[in-house]
Every structure is written in C-alpha cells, then in structure tokens.
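Now for the letters of each chain:
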Amino acid sequence: MNVWLAIALTAAGCYAVKLAGLLVPAGALERPLVRRLAGLLPVALLAALTAQQTFGAGQQVVLDARAAGLAAAGIALLLRAPFLLVVGAAVAVTAGVRALGG
C-alpha cells in the first residue's frame, strides 16, 4: 500500500510541477539569466548523475572499472568519435577491466 501511495504522490507532484511551469509568465522566461540557466541546468544535472553512478556505491566513493570506462568515453569524445563508438569504447574498456579482475 505504501508503494502505491508513493507512486500517486510522485505523479501528483510531477503534474503540479508541470502545471506550475505552464503558469509562469512568458516575460519571466525571456530573461537572459533564465535562458542561460535553462541551457546549463540539464548539463549540470547529467554530469552530477554520471559522477554519482560512476564513483558511488551506497554510501562510499569507489574507483573501479566504471571509472576506466568513463575515462575511455571521455578520450573518445575528445577525439570526436561518433556517439556509438564512444559508448562502445566505454563498454569495452569497462568489460576488459572487469575481466582482468578490476
């Protein structure tokens, strides 16, 4: 029962946030600061999520095969590789490090 209550509250909260976004006046959204933040916020959130998933394990910070895969993806991005190749490099390096016991 608690799970369904949590799902219902989450759905209601998501709807309320979406409705609040629709009620914001257009003039407020055209401000330069708001436009700049709207462009940068998704990047910051994605970077934080990537860091947490790569270096976190419960309540600890770890450095394992995921970090090597992230490094490989970063190098592939610096070399301007296509996205599929970036993902493939990250997967291959992560799997290789794990196979070697890391």
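What counts, and at which threshold
Residues numbered from 1 in each chain as written. Predicted model: local features only at pLDDT ≥ 70, side-chain atom pairs only at ≥ 80, totals over all residues. Heavy atoms only, no water. Helix = DSSP H or I, 4+ residues; strand = E, 2+ residues; numbered from the N terminus. Rg over C-alpha atoms; globule rule 2.2 N^0.38 Å. Buried < 20%, exposed > 50% of the residue type's maximum accessible area, 1.4 Å probe, protein only. Contact = heavy atoms within 4.5 Å. Areas by Shrake-Rupley, 256 points an atom, 1.4 Å probe, with all protein chains shown as cover. UniProt positions renumbered as here; feature names shortened; annotations may be inferred. Core = buried A, V, L, I, M, F, W, Y, C linked by side-chain atoms within 4.5 Å. Axes fitted to C-alpha atoms, helices over the stretch in contact; angles between N-to-C directions. Parallel < 35°, antiparallel > 145°, perpendicular 65-115°, else oblique. Patch = residues over 30% accessible without salt bridge, like charges linked within 9 Å, V, L, I, M, F, W, Y side chains within 5 Å. Salt bridge = Lys/Arg side-chain N within 4 Å of Asp/Glu carboxyl O. Left-handed = near helix turned anticlockwise from the far one by under 90°. Expected span 1.5 Å × (residues − 1). Bend = angle between axes of the 7 residues up to and from the residue.

S.K.: I'd like a rundown of the overall build of the protein chain, residues and numbers included.
M.R.: Check the secondary structure of the protein chain and you find five helices and two strands. Reading the protein chain from its N terminus to its C terminus gives the helix and strand order α-α-α-β-β-α-α. Over its C-alpha atoms the protein chain spans a radius of gyration of 20 Å, topping by over 25% the 13 Å that the globule rule assigns to 102 residues. Each principal axis of the C-alpha atoms in the protein chain carries an extent, and together these give about 55 × 45 × 25 Å. In the protein chain, which comprises 102 residues, the share counted as buried stands at 12%. Counting contacts in the protein chain only where the partners sit at least 6 residues apart, residues at least 24 apart contribute 31% of the total. Total accessible area on the protein chain is roughly 8300 Å²; 75% of this is exposed by carbon and sulfur atoms.

S.K.: With reference to specific residues and values, describe the UniProt feature "transmembrane region" (unreviewed entry) in the protein chain.
M.R.: Under the present numbering, the feature "transmembrane region" (unreviewed entry) in UniProt falls on residues 40-58 and 70-97. The span residues 70-97 shows a helical share of 86% and a strand share of 0%, and its end C-alpha atoms are spaced 12 Å apart.

S.K.: Hey, could you go over the nonpolar core for me, with residue numbers and the actual values?
M.R.: Ranked by size, the top nonpolar core spans five residues in total: A73, A76, A81, V86 and A90. Going through the elements one at a time, α4 (65-78) and α5 (83-99) are the ones with two or more residues in this core. Setting aside its immediate chain neighbours within four residues, V86 contacts A73, A76, L77 and A81.

S.K.: Run through the packing of helix α3 (residues 32-55) against α4, naming residues and quoting values.
M.R.: One way to put it is that α3 packs onto α4 with a least axis distance of 8 Å and a crossing angle of 140°. In terms of orientation, α3 and α4 fall into the oblique class. Here T50, Q53, T54 and F55 of α3 come into contact with α4, specifically with R66, A67 and L70.

S.K.: Provide a residue-level description of a nonpolar patch on the surface, including the pertinent values.
M.R.: A contiguous nonpolar surface patch, about 490 Å² in accessible area, is contributed by Y15, L19, L22 and L23. Take L22: it is sitting in helix α1 (residues 2-23). Exposure remark for L22: the relative accessible area of 66% places this residue in the exposed category.

S.K.: Can you lay out the packing of α4 against α5 for me, pointing to particular residues and giving the numbers?
M.R.: Packing of α4 against α5 leaves a shortest axis separation of 8 Å and a crossing angle of 150°. Comparing the axis directions of α4 and α5 gives the class roughly antiparallel. For α4 against α5, the interelement crossing comes out right-handed. Counted together, A65, R66, A68, G69, A72, A73, A76 and L77 of α4 and V86, A89, A90, V93, T94, V97 and R98 of α5 form the full contact between these two elements.

S.K.: Summarise α3; cite the residues concerned and give the values.
M.R.: Under the 1.5 Å per step criterion, the end-to-end length of α3 is 34 Å for 24 residues, consistent within 8% with the ideal 34 Å. At L40, α3 shows its largest kink, close to 30°, and the proline P42 lies no more than four residues downstream.

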